[in-house]
Amino acid sequence: MTVRRAWLWILLICLAGGAFWGTHHLLESPRWSLYQIGKAINDHNPRLFLAYVDVDSIVRGQKDTIVEMVVPRDRNDEKTRNMVKGLVGAFMNPLTDQVKIKIIRAIEDQERNDLPTSWTLAVGAQVVVNRDYALVVLKDPESGRRLRLGMQRKNDGPWRVVDLNSRDLKLLVDEYLGERFGQQ
């Protein structure tokens, strides 16, 4: 074997190793989960979406926001606040089920045609990883709207969205409802 041929083999082995580790790194990253979420939306596949988005955790994380919407802190009415907190807690499971039904219907909606590509979420997101938790910022470059979310990885499973920033979510919901019902 000549020296030139040996270098060629070494180069091929290095390229194959780099491709393997690069692919492994991508498949183990939050960006891959974001890609899968985008793919689920584009393919109208709610099961895939729910595999990467923990709706139960997200809804539970919004409990204080729901209470704040019903009883603002400026009212200074702790008795009412505690009552609403208890009611929200009691209805958390049915509320979560209703949210899942709405998500499934929205994802299955074949009329949606203004969807970004699957890679848009993965490539366009700002992702900061700290061990098994990642902070992700999705930002629309045209409008400046953003959605901050938290992703978590448990027991070497996939990265899943477990938290949405309450303030960003409220702004997006207000905008969506305003567009849908003409209230802007």
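Residues numbered from 1 in each chain as written. Predicted model: local features only at pLDDT ≥ 70, side-chain atom pairs only at ≥ 80, totals over all residues. Heavy atoms only, no water.

## Brief notes about the environment of L149
Moving on, step 1. Relative to the elements of secondary structure, L149 occurs in strand 3 (residues 146-153).
Moving on, step 2. Here L149 falls in the buried class, since its relative accessible area comes to 8%.
Moving on, step 3. Once the C-alpha coordinates of L149 and A134 are considered, the two residues, 15 residues apart in sequence, prove to be 8.4 Å apart.
Moving on, step 4. Setting aside its immediate chain neighbours within four residues, L149 contacts A134, L135, V136, L138, V161, D163 and L164. (Helix = DSSP H or I, 4+ residues; strand = E, 2+ residues; numbered from the N terminus. Buried < 20%, exposed > 50% of the residue type's maximum accessible area, 1.4 Å probe, protein only. Contact = heavy atoms within 4.5 Å.)

## A look at the pattern of salt bridges
Moving on, step 1. One pass over the full model with this rule turns up seven salt bridges.
Moving on, step 2. Here K39 makes a salt bridge to D43, at a shortest N to O gap of 2.7 Å.
Moving on, step 3. Counted as one network, the salt bridges with shared partners bring together R146, R148 and D168. (Salt bridge = Lys/Arg side-chain N within 4 Å of Asp/Glu carboxyl O.)

## Comments concerning the nonpolar core
Moving on, step 1. In this structure, I37, V53, V136, L149, M151 and V161 are the most contacted members of the largest nonpolar core, which totals 27 residues.
Moving on, step 2. Where this core is concerned, the elements lending two or more residues are helix 2 (30-42), helix 3 (46-52), helix 4 (55-61), helix 6 (78-90), helix 7 (92-108), strand 2 (133-139), strand 3 and strand 4 (159-164).
Moving on, step 3. Contacts of M151, omitting those with residues within four sequence positions, involve P30, S33, L34, D132, Y133, A134, V136, W159, R160, V161 and V162. (Core = buried A, V, L, I, M, F, W, Y, C linked by side-chain atoms within 4.5 Å.)

## Details of the packing of aromatic side chains
Moving on, step 1. The tally for this structure, following the rule as stated, stands at two aromatic pairs.
Moving on, step 2. Judged by centre distance (5.1 Å) and plane angle (25°), the rings of W32 and Y35 are stacked. Taken as a pair, W32 and Y35 lie in helix 2 at a separation of three residues, close to a single helical turn.
Moving on, step 3. The exposure class of W32 is partly exposed, given its relative accessible area of 22%.
Moving on, step 4. An aromatic cluster of three or more residues is present, and its members are W32, Y35 and W119. (Phe/Tyr/Trp six-rings, centres within 6.5 Å; stacked < 30°, edge-to-face > 60°.)

## Quick look at the environment of K139
Moving on, step 1. Here K139 shows up in strand 2.
Moving on, step 2. A sequence separation of 18 residues divides K139 from L121, and the C-alpha atoms of the two residues are 9.5 Å apart.

## A few points about the packing of helix 5 (residues 63-70) against helix 6
Moving on, step 1. Closest axis-to-axis distance for the helix 5/helix 6 pair is 10 Å, and the angle between their directions is 135°. One finds that helix 5 runs oblique with respect to helix 6. Where helix 5 crosses over helix 6, the handedness of that crossing is right-handed. Across from K63, D64, I66, V67, E68 and V70 in helix 5, the residues of helix 6 making contact are R81, V84, K85, V88 and G89.
Moving on, step 2. By residue class, the composition of the contact of helix 5 with helix 6 is five nonpolar, one polar and five charged. (Axes fitted to C-alpha atoms, helices over the stretch in contact; angles between N-to-C directions. Parallel < 35°, antiparallel > 145°, perpendicular 65-115°, else oblique. Left-handed = near helix turned anticlockwise from the far one by under 90°. Nonpolar A, V, L, I, M, F, W, Y, C, P; charged D, E, K, R; others polar.)

## Some thoughts on helix 2
Moving on, step 1. With 13 residues, helix 2 should cover 18 Å at 1.5 Å per step; its first-to-last C-alpha distance of 18 Å lies within 8% of that length.
Moving on, step 2. Listing the buried residues of helix 2 in full gives P30, S33, L34, Y35, Q36, I37, G38 and A40.
Moving on, step 3. Immediately downstream of helix 2, the backbone of H44 shows phi near 55°, a positive value. (Expected span 1.5 Å × (residues − 1).)

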